[in-house]
Number of protein chains: 2
Amino acid sequence: MAENRTELNQIGEFGLIERIQKQFSLQNPTSVLGIGDDAAMIDAGQDYLLVTTDMLLEGIHFDLSYMPLQHLGYKAVAVNVSDIAAMNGKPEQITIGLGLSNRFSVEAIDALYSGIQAACENYKVDLVGGDTTASASGLVISITALGRVAKDKVARRSTAKNNDIICVTGDLGAAYMGLQVLEREKQVFLTNPEMQPDLENYEYLVGRQLKPEARMDIVHELAEKNIVPTSMIDISDGLASELMHLGRNSNLGVKIFEENVPIDSMTYETAIEFKLDPITCALNGGEDYELLFTISPADHEKLKNHPDIHFIGHMHSNTQQNVMVTKQQTIVPLKAQGWNHFKSFE
Amino acid sequence: MAENRTELNQIGEFGLIERIQKQFSLQNPTSVLGIGDDAAMIDAGQDYLLVTTDMLLEGIHFDLSYMPLQHLGYKAVAVNVSDIAAMNGKPEQITIGLGLSNRFSVEAIDALYSGIQAACENYKVDLVGGDTTASASGLVISITALGRVAKDKVARRSTAKNNDIICVTGDLGAAYMGLQVLEREKQVFLTNPEMQPDLENYEYLVGRQLKPEARMDIVHELAEKNIVPTSMIDISDGLASELMHLGRNSNLGVKIFEENVPIDSMTYETAIEFKLDPITCALNGGEDYELLFTISPADHEKLKNHPDIHFIGHMHSNTQQNVMVTKQQTIVPLKAQGWNHFKSFE
C-alpha cells in the first residue's frame, strides 16, 4: 500500500464522506434517507424515526484541562439532540459508547454521567443502552440519538425553495470566542500556575463553548405556529459551511447580509480584543448549535417579531453565487471553511 | 476529588453498568426496554425497533499488527448484528462513528469500509449515517445497529422458564484460541522478523477471531420452524458469563453438562498445545458470537436433529445453583469471568 498512499488531508472530511456515500446504497425499504443530512430517516409508520451519531474524542473535541466532565456529558448529549432538532424532530432515546482509561475514577465517571443525566432530563430523552469499555488512551464518547418526526413535518437540507427566507436562531461566534478565551487562559496557567484564570468577564462565551444547548425550544415554537421550515440544518461547523450545505443540497444559491448576522456584543468585543474579525468568527467559528433554516416568504409574518430568530438573507436560483453582502455593500463569496480536524495535527 | 477516589477496577464493568442503570429511568412511552439486554427495545407499532451500540478501540479490542482493516470493518458490523440476532430480530440499519489518526491513508480507510460494506451486504443492512473525525491516538470504531422484530417474537434475557432447555449454536472457544495463536506468532515475529508466521494449521481458529459471523442463519431457521426462543443472548464475553446473565435476569438457576458443550477438535488440540483447559476456553473465552438461547421442552423435537444447535443443559428453580456437571460427574459452580478490560492495563 506504500506505493499508493493518499493522505487523508488531501481529500478532507467532506471528501471522505462523499467517498463513503458513493460506495453505499440503501437496500431496505425502511431506510428512507441515509448519509448526507443531520440525521438518517427510517420509516416508522406515520412518523420518521431519526438517527444520528456524533463522536467526541479527547484531544480533538475537548480538553479536560478546562472542560469539566459534567459539562462534557451534557454537551455530548446536546450536540446529538441538536441534529434531531435540525430535522424538526423530537429526541426520544440515546445510546452511549464510552471508552475510559484507568486514570478516570468512578467519581469522575459519575460526574460525566450526571451531566448526561441532566441533558436527558432537559431534553426528555431516555438513555436506553450503550457500551462501556477501557480505552488505551483518551476519553472517547460516542452518542447515537433517536428521534421522531411526523412525515409531513420533517425538515431536510435539500428542500429549500427559490426565494425562501434564510433564518438563524440566537447568535453566532460566541462558542468559538469562548474557546479562544479558554485556550488563552490555559496557556497563562501553564506558564504560571499561580495565576487564577480570568474568565469572569467572558462568562457568556465560555458557557456557550462548555455548555451549548440544542434549540428544541425553537422546534416546539415553530410547531406551535404551524410552521414547517422548508429546510434546516444545525450550525456545528460554522454558518458559512452550513449555508453552503443548504445551497448545494437544495440546488440553489444563498445570499446573506452581514448586517443581519446576529453577533452578541461580548463576542464582538472579545473578537476585537483577540484581533479577530467578528464576522469571520460568526461565519466560520462553529459549535454554536444554533439552527439555520429557511421558511416560505408566506410564513415571515408569523415569525417577524420573534426575538431570537433573525432573517439573514434568502435563497436564489444561481447555484454559483453563494455570497454575503457586507456592511459596505460589497459582495463577497462565502467560503465553507468548516472544521478540518484532519489538518489540525499534520 | 483526590480524597475520595474509587478505582474503576474496584467495581468492574458490570458494576459500572449497574451503577449507570440505577441512575437512569425511562420517561418516554416509546422506550420499552433500556439498558440490560443485548439491545434496547423501542415501540414501533407492530414491531419493536432494536438498538444496540458497540465500540471497538485499538489497543483494547484489536491489534492492527495482525488484524487486517478489511476484517476489522467486517467484524465491527458483525458484532453489532449479533446483538440484534440475540433479540431474535433482523438488522436493518447501522451508523458508524469513526475516529482516525493521520497515519491512516485514504487507501487504508477504503480497506476498512470495504469490510464494512461486505458485512452490510451479507447481513442486508444499510449504512445510513455516522461521524468521521480525527483521533489523537488510535483507531476508534463505534457502531450502532438498528433492527426490527415483531412484538410477539422478541427474545429477551429475562424470560426463560423453569425446565427450559439451554441451547448453544456452533462451537465455543475457537475465537479465543485464535487470539492466542495470533499473539504467539506476533511475539515470534517481534523476536525474529525473518520468521514467517505459522498460521496455516490454525486457519479455523484465526478465522473465528478475525472474521466472526453473527448467527442470523439461526434466527431465520428458528422463524421457519416457528420457534420463538424463551430467552436469548449472544456469546461475546464467554459462555459462563452469558449463562449467568440468563439465569439472573430470568430469576432462575442454570445447569449445564460439560460433555454437551460444543468444542471443535482444533480448538481442543490447540488448547492442549497451549497448556490450557479446553472447557475453560469454551466457558470463558469470549468473542465466539454464537447464540445462547432457551427453548420450551415442547420445541425440542423440532430442533433435535439440527446439526449446529447443541442442547447443553436446562434452567431450574434454584437461583443459587449455576453449575456445570463435569465429564467426571462432579458438580462445579460456574464463574462469570467475562472480560474485564479495565483490569487488563492497571
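Residues numbered from 1 in each chain as written. Chains lettered and ligands numbered in written order. Predicted model: local features only at pLDDT ≥ 70, side-chain atom pairs only at ≥ 80, totals over all residues.

## Some thoughts on the confidence of the model for chain A
All names here are of chain A. For clarity, the cut-off: Residue-level confidence of the predictor, termed pLDDT, takes values from 0 up to 100. The contact criterion used is a C-beta to C-beta distance within 7 Å, with each C-beta placed from the backbone.
Per-residue confidence for chain A gives a mean pLDDT of 92, with 96% of residues at or over 70. Here residues 338-346 scores under 50 on pLDDT; set against residues more than four positions off or in separate chains, the count is 24 contacts. Interface confidence in the predicted complex, given as ipTM, is 0.90; pTM for the same model is 0.92.

## Quick look at the sheet that holds strand E9 (residues 253-257) of chain B
All names here are of chain B. Where we set the bar: Only strands joined by at least two bridges in the DSSP assignment are considered to pair. Numbering of helices and strands starts at the N terminus; helices are DSSP runs of H or I of at least 4 residues and strands are runs of E of at least 2. A fitted line through C-alpha atoms represents every axis, and for helices the fit uses only the stretch in contact; the resulting angles, taken between N-to-C directions, go from 0 to 180 degrees.
With respect to topology, 7 strands assemble into an open sheet ordered E8-E10-E7-E11-E9-E12-E13, the strand pairing being mixed. Since the sheet does not close on itself, it has two edges, and those belong to strand E8 (231-235) and strand E13 (331-333), each with one partner. Direction aside, the axes of adjacent strands within the sheet are offset by 25° on average. Pairing geometry for strand E7 (residues 165-169) and strand E11 (residues 309-316), over 5 bridges, is antiparallel. Within the sheet, the bridge partner assigned to Val168 lies in E11 and is His310. Where helix H7 (residues 239-250) meets the sheet, its contacts fall on E7, E8, E9, strand E10 (290-295) and E11, and the angle it forms with E8 comes to roughly 155°.

## A short note on the relation of the copies chain B and chain A
What counts is decided by this rule: The fit set for superposing copies consists of C-alpha atoms from residues with pLDDT of at least 70 in both; the fit itself is least squares.
Laying chain B over chain A is done by rotating through 180° and shifting 0.0 Å along the axis; what remains is an RMSD of 0.0 Å. The two molecules are tied by a two-fold rotation axis, judged by turn and shift. A shared interface surface links the copies, since 100% of the contact residues of chain B are contact residues in chain A too.

## Section: the environment of B:Met324
All names here are of chain B. Spelled out, the test is: To assign burial, the other C-beta atoms lying within 10 Å of each residue's own C-beta are counted, with C-beta atoms placed from the backbone; 20 or more indicates buried, 12 or fewer indicates exposed, and intermediate counts indicate partly exposed.
By the element assignment, Met324 lies in strand E12 (residues 323-325). A residue is classified by how many C-beta atoms lie within 10 Å of it, and Met324, with 24 of them, is buried. For the pair Met324 and Glu259, spaced 65 residues apart in sequence, the C-alpha separation works out to 9.8 Å. Contacts of Met324, omitting those with residues within four sequence positions, involve Ile256, Glu258, Val332 and Leu334.

## Examining the domain arrangement of chain A
All names here are of chain A. Stated formally: Domains are outlined according to an automatic or database domain assignment. Note that Gly is not counted as nonpolar here; it falls among the polar residues with everything else outside the nonpolar set of Ala, Val, Leu, Ile, Met, Phe, Trp, Tyr, Cys and Pro and the charged set of Asp, Glu, Lys and Arg.
Structurally, chain A comprises domain 1 (23-153) and domain 2 (165-345). A straight line from the C-alpha centre of domain 1 to that of domain 2 covers 22 Å. Facing 18 residues of domain 1, the contacting portion of domain 2 comprises 19 residues. Among the elements that take part in the side of domain 1 that touches domain 2, helix H2 (residues 69-85) stands out by supplying 9 residues, more than any other. Looking at side-chain class alone, the side of domain 1 that touches domain 2 contains 10 nonpolar, 4 polar and 4 charged residues.

## Looking at the sheet that holds strand E12 (residues 323-325) of chain A
Residue and element names in this part refer to chain A. Pairing in this open sheet of 7 strands is mixed, and the strands run E8-E10-E7-E11-E9-E12-E13 from one edge to the other. Edge strands, defined here as strands with exactly one partner in the open sheet, are strand E8 (231-235) and strand E13 (331-333). Strand-to-strand twist of the sheet, defined as the mean angle between neighbouring strand axes without regard to direction, takes the value 25°. Across 4 bridges, the pairing between strand E9 (residues 253-257) and strand E11 (residues 309-316) is antiparallel. Among the inter-strand pairings, Ile256 is bridged to a residue of E11, identified as Gly313. In the packing of helix H7 (residues 239-250) onto the sheet, contacts are made with strand E7 (165-169), E8, E9, strand E10 (290-295) and E11, and the angle to E8 comes to roughly 155°.

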